[in-house]
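Each chain, letter by letter, is given below.
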Amino acid sequence: MATYCISDIHGEYEAYRKLLEKIGFSDSDELYVLGDAIDRGPRSMDVLMDMMMRPNVIPLIGNHEYMALQCLRFLATEVTDESVDAVNDDMIRGLLEWQTVGGQETIESFGRLSAEDKADVLEYLEEFSLYEEVRCGGEDYVLVHAGLVNFAPARPLGDYTLPEMIFRVPDYSKVYYPDKYLVTGHRPTRAIKGNPAPDRIYRANRHIAIDCGCTFGGQLGVIRLEDGEEFYV
Ligand SMILES: [Mn+2]
């Protein structure tokens, strides 16, 4: 059995499936998906439906799932006088904002699902964890989509709020936990200052940054925690 981490799939269903094939992903393995499985790319719902079918895929929430949840809940509601009255400026603003960061395809493919699948997808999105802690090969890992805002070494992970974990990247020049690795996505590694290997997994100062920018013409990368081996499509 092996433990893998991937992030920011962004609707790139084909790359995701190819990568699973490449690592020979099996029922005895585990795959942590560190958020932003959806938006920007062409097949967000296919990615989600595939993840949903696999009990050994453990999803974490990213800012894109967070935005999707706000809007899809509303879009799945039947149009009635009451639901129309419930539309407020915040909802409209959220929807427009989401569309500017790649939500449109997700909205369209969600719209094509049956009512039952819509309900399943919403229920699934609501289950995503905010963070995970994994012990693997004698090492400890903290997994979270973006960073840890207002970080304090002694602050329990359960104490961080959702916005503190999904919107802002960590300071990669700083060690957060001397005895743990912080695994994050959200910021394509090509955008990390001083990174000598853009679009590959970045490791420094007990950070492992795994968003290899597949939606921006980079790669989709996955890391196996047992031995640190990296795989790319
Ligand atoms: Mn993100």
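Report on the accompanying structure. Given the structure is predicted, the values throughout are model-derived calculations rather than measurements.

## Re the overall build of the chain
Okay, step 1: Of regular secondary structure, the chain possesses eight helices and ten strands.
Okay, step 2: Its C-alpha atoms give the chain a radius of gyration of 18 Å, within 12% of the compact-globule value 17 Å for 233 residues.
Okay, step 3: Principal-axis analysis of the C-alpha atoms places the extent of the chain at approximately 55 × 40 × 30 Å.
Okay, step 4: Going through the 233 residues of the chain one by one, you find that 50% of them count as buried.
Okay, step 5: Total accessible area on the chain is roughly 11000 Å²; 48% of this is exposed by carbon and sulfur atoms.
Okay, step 6: In the chain, 22 positive and 41 negative side-chain charges are present, and the distance between their average locations comes to 9 Å.

## Description of unusual backbone geometry
Glycine aside, residues mostly have negative phi angles, and peptide bonds mostly take the trans form.
Okay, step 1: Of note in the backbone geometry, D39 takes a positive phi value of approximately 75° without being a glycine.
Okay, step 2: The topology assignment puts D39 in the loop between β2 (30–33) and α2 (44–53).
Okay, step 3: You can call D39 buried: its relative accessible area is 0%.
Okay, step 4: One non-glycine residue, N205, lies in the positive phi region at around 50°.

## Quick word on the side chain of T215
Okay, step 1: Note that T215 resides in the loop between β8 (207–209) and β9 (221–224).
Okay, step 2: Leave out the neighbours within four places in its chain, and T215 touches H10, E12, R40 and G41.

## Topic: helix α6 (residues 104–111)
Okay, step 1: Within the sequence span of α6, burial applies to E105, T106, I107, S109 and F110.
Okay, step 2: Next to the buried residues of α6 lie α2, α3 (63–75), α5 (89–100) and α7 (115–127).

## Regarding the nonpolar core
Okay, step 1: Of all hydrophobic cores here, the largest spans 51 residues; its most connected members are L31, L48, M51 and L148.
Okay, step 2: Residues within four places of L48 in sequence aside, it is in contact with A37, I38, V121, Y124, L125 and F128.
Okay, step 3: C5, L143, C212 and I223 belong to the second largest nonpolar core, which has 17 residues in total.

## Some remarks on a negative patch on the surface
Okay, step 1: On the surface, E116, D120, E123 and E127 cluster together to form a negatively charged patch.
Okay, step 2: Following the sequence through the fold, E116 ends up in helix α7.

## With respect to the layout of surface pockets
Okay, step 1: In this structure, the largest pocket encloses a volume near 310 Å³.
Okay, step 2: Lining the largest pocket are 16 residues, with Y66, M67, Q70, G94 and E97 sitting closest to its centre.
Okay, step 3: For the lining of the largest pocket, the element with the highest residue contribution is α3, accounting for seven residues.

## Some details on the pairing of strand β6 (residues 180–184)
Okay, step 1: As paired elements, strand β5 (residues 139–144) and β6 share five bridges and run parallel to each other. Each residue of the ladder has a partner; that of V144, found in β6, is T184.
Okay, step 2: Relative to β8, β6 is paired through three bridges, and the arrangement is parallel. Bridge pairing in β8 links L182 to H207.

## Notes on the pairing of β5
Side-chain positions along a regular strand alternate between the two faces of the sheet.
Okay, step 1: Bridge analysis of strand β4 (residues 131–136) against β5 gives six bridges, and the strand direction is antiparallel. The residue of β5 that forms the bridge with Y131 is V144.

## Points about the sheet that holds strand β10 (residues 230–232)
Okay, step 1: Taken in spatial order, the five strands line up as β3-β2-β1-β9-β10 in an open sheet, and their pairing is mixed. Looking along the sheet, the strands with just one partner apiece sit at the ends: β3 (57–59) and β10. Averaged over all neighbouring strand pairs, the angle between strand axes comes to 25°, with direction disregarded.
Okay, step 2: Both strand β1 (residues 3–6) and β2 contribute to a ladder of four bridges, which runs parallel. Residue pairing across strands places I6 opposite V33, the latter belonging to β2.
Okay, step 3: Most of the contacts of helix α1 (residues 13–22) go to β10, to which it runs at about 135°, and overall it touches β1, β2, β9 and β10.

About the criteria used
- Residues numbered from 1 in each chain as written.
- Predicted model: local features only at pLDDT ≥ 70, side-chain atom pairs only at ≥ 80, totals over all residues.
- Heavy atoms only, no water.
- Helix = DSSP H or I, 4+ residues; strand = E, 2+ residues; numbered from the N terminus.
- Rg over C-alpha atoms; globule rule 2.2 N^0.38 Å.
- Buried < 20%, exposed > 50% of the residue type's maximum accessible area, 1.4 Å probe, protein only.
- Areas by Shrake-Rupley, 256 points an atom, 1.4 Å probe, with all protein chains shown as cover.
- Lys, Arg positive; Asp, Glu negative; His and termini not counted.
- Charge placed at Lys NZ, Arg CZ, Asp CG, Glu CD.
- Contact = heavy atoms within 4.5 Å.
- Core = buried A, V, L, I, M, F, W, Y, C linked by side-chain atoms within 4.5 Å.
- Patch = residues over 30% accessible without salt bridge, like charges linked within 9 Å, V, L, I, M, F, W, Y side chains within 5 Å.
- Salt bridge = Lys/Arg side-chain N within 4 Å of Asp/Glu carboxyl O.
- 1 Å grid on protein atoms, 1.4 Å probe; cavity = no way out; pocket = protein on both sides within 12 Å on 5 of 7 lines; lining within 4 Å.
- Points joined across faces, edges and corners; volume = space filled by probe spheres on them.
- Pairing = 2+ DSSP bridges.
- Axes fitted to C-alpha atoms, helices over the stretch in contact; angles between N-to-C directions.

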